[in-house]
Amino acid sequence: MEIILFLVLLVLGYCFGLLAERRHYRSIIAREKVMNSLPAIASRYPPEDKPYDQQLVVGSVVIGSDYFKSFLAGLVNFFGGSVVSYEGLLDRARREATLRMKEQAQKAGAEMVFNVKYETTSVGNSKLASVEVLAYGTAMKPVFAPTPSAAGEG
Amino acid sequence: MLVSNLEFLPDQKVLKHIGLVQGSSVRSKHVGRDIMASLKNLFGGELAGYTELLQESRVEALDRMIEQASGIGANAILNVRFSTSSITAGAAEIYVYGTAVQLADN
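Not measured: the values here are computed from a predicted model.

> So what exactly am I meant to see when it comes to the pattern of salt bridges here?
Where charged atoms of side chains with opposite charge meet at close range, the side chains can pair. Residue and element names in this part refer to chain A. One pass over the structure, following the stated rule, counts 14 salt bridges over all chains. Note that K69 and E21 form a salt bridge whose closest N and O atoms lie 3.3 Å from each other. Highlighted residues: K69 in helix α2 (residues 67-79) and E21 in helix α1 (residues 2-35), separated in sequence by 48 residues. According to the relative accessible area criterion, E21 is buried, its value standing at 16%.

Next up, the structure:
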């Protein structure tokens, strides 16, 4: 009886997990194309070419693995090697968090996000991994101040 | 209150470094949410309940930090960092810290 339940969960996990992963990747790729105009930069030194307003922007997501992936990871862990099923999970989580951060920055009218940092934590129970990724940075909003020459004349 | 994770601001001068300020928050969801999340965990995908939980918790930690900073007379917090640790299944601690400073008014 238990072996049947295990197999059913394995198959269900595989099907729904694959479906969720594909759908998520499609959405990520489509949104990344839109967000490419707003770069996220890991530099600590902000640009000094024109005045900017700063705002802290944050994006976070919790993504769970599925039963099949967890089982596969358990097997790989036993024999050693790269755990491909979790690499995809973390890649999705990180890209999603970055996108959410950028979307917040875009809503605030920013041109770029500076000093981007990532934070990863595993949440939930130990058997089925779920991971939280947080991306944060400083959104730089250009200030449309009057140009010096115009201000001088006035 | 200006909150930024840059270490310095290009066009503003720091008058005085006041000190470290911090805020933390530990939250958990009710059991129903935990059960839903562990079911979702069998099939994969985003655990929206936990995303929401950590976001609420982060806002609370930030608010506490800002409150502390305004209490000691700062008008900006620079070099803000976040840190998350899971305490038990379904509960996480969010810790946020930064340097409270006094900026010159432009």
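> Could you clarify how one ought to interpret the pairing of strand β5 (residues 91-103) of chain B in this entry?
Along any regular strand the residues' side chains alternate between the sheet's two faces. Residues and elements named next belong to chain B. Here 13 bridges tie strand β2 (residues 14-28) to β5, and the two strands are oriented antiparallel to one another. Bridge pairing in β5 places H17 opposite V101. As paired elements, strand β4 (residues 76-88) and β5 share 10 bridges and run antiparallel to each other. The residue bridging S86 from the neighbouring strand is A92, located in β5.

> What is the right way to read unusual backbone geometry from this model?
Peptide bonds are, in most cases, trans, and in most cases residues other than glycine have a negative phi. A positive phi is found at N115(A), a non-glycine position, where the angle reads about 55°. One can find N115(A) in strand β2 (residues 112-123). You will see that N79(B), though not glycine, has its phi angle at about 55°, which is positive. In this structure, N79(B) sits in strand β4. Given a relative accessible area of 25%, N79(B) falls into the partly exposed group.

> Would you take a moment to explain the sheet that holds β4(B) for this structure?
Within a sheet, adjacent strands bond to each other through the backbone by hydrogen bonds, running parallel or antiparallel. Strand order across the open sheet formed by 4 strands is β1-β4-β5-β2 (chain B), with mixed pairing between neighbours. Bordering the open sheet on either side are β1 (2-3) and β2 of chain B, each of which pairs with just one other strand.

> Would you explain the nonpolar core in this entry?
As a rule of thumb, nonpolar side chains are buried together in soluble globular proteins. In terms of nonpolar packing, the biggest core is built from 24 residues, with V3(B), L62(B), M65(B), I77(B), V80(B), F82(B) and V96(B) touching the most fellow members. If you list the elements that add at least two residues to this core, you get β1 (52-66) and β3 (130-142) of chain A together with α2 (48-71), β4 and β5 of chain B. Per-element tally for this core: the top contributor is α2(B), with 7 residues. Listed in part, the 16 residues of the second largest apolar core include V61(A), A105(A), V133(A) and A139(A).

> I'm lost on the sheet that holds β1(A) in this one. Help?
On the basis of which strands lie adjacent, the open sheet formed by 4 strands has the order β2(A)-β3(A)-β1(A)-β3(B) and antiparallel pairing. What marks the edges here is a single partner per strand, and that holds for β2 of chain A together with β3 (44-46) of chain B. Each adjacent strand pair in this sheet contributes to an overall mean axis angle of 15°, direction not counted. When β1(A) meets β3(B), the two strands line up antiparallel, connected through 2 bridges. Directly across from G64(A), in β3(B), lies its bridge partner G45(B).

> Where do I start with the packing of α1(A) against helix α3 (residues 84-107) of chain A in this structure?
Helix packing geometry: the angle between the two helix axes and the distance between the axes. Residues and elements named next belong to chain A. The geometry of α1 relative to α3 is characterised by a closest axis approach of 10 Å and an angle of 35° between their N-to-C directions. The interaxial crossing formed by α1 with α3 has left-handed handedness. Here α1 contributes A20, E21, H24, Y25, I28, I29, R31, E32 and M35 to the contact with α3, which in turn contributes G88, D91, R92, R95, E96, L99, K102, E103 and Q106. Here the contact of α1 with α3 is built from residues that sort into 6 nonpolar, 3 polar and 9 charged.

> Explain the interface of chain A and chain B to me, please; I cannot follow it from the model alone.
Bring the parts together and some accessible area is lost; that lost area is often taken as the interface size. Contacts between the two partners involve 45 residues from chain A and, on the opposite side, 34 residues from chain B. Taken together, both faces of the contact between chain A and chain B bury some 3100 Å²; the carbon and sulfur share is 57%. Here chain A is connected to chain B by 3 salt bridges. For R100(A), the salt bridge goes to E46(B), with nearest N and O atoms at 2.9 Å. Run the count over chain A and chain B and you get 16 residue pairs in polar contact (both at pLDDT 80 or more). Listing elements by their share of the side of chain A that touches chain B, those giving two or more residues are α1, β1, α3, β2 and β3 of chain A. Considering each element in turn, the side of chain A that touches chain B owes the most residues, 12 residues, to β1(A). Split by residue class, the side of chain A that touches chain B holds 22 nonpolar, 15 polar and 8 charged.

Rules used throughout
- Residues numbered from 1 in each chain as written.
- Chains lettered and ligands numbered in written order.
- Predicted model: local features only at pLDDT ≥ 70, side-chain atom pairs only at ≥ 80, totals over all residues.
- Heavy atoms only, no water.
- Salt bridge = Lys/Arg side-chain N within 4 Å of Asp/Glu carboxyl O.
- Helix = DSSP H or I, 4+ residues; strand = E, 2+ residues; numbered from the N terminus.
- Buried < 20%, exposed > 50% of the residue type's maximum accessible area, 1.4 Å probe, protein only.
- Pairing = 2+ DSSP bridges.
- Core = buried A, V, L, I, M, F, W, Y, C linked by side-chain atoms within 4.5 Å.
- Axes fitted to C-alpha atoms, helices over the stretch in contact; angles between N-to-C directions.
- Left-handed = near helix turned anticlockwise from the far one by under 90°.
- Contact = heavy atoms within 4.5 Å.
- Nonpolar A, V, L, I, M, F, W, Y, C, P; charged D, E, K, R; others polar.
- Buried area = accessible area lost by both parts, 1.4 Å probe.
- Polar contact = N/O pair within 3.5 Å; in protein donor to acceptor, adjacent residues only side chain to side chain.

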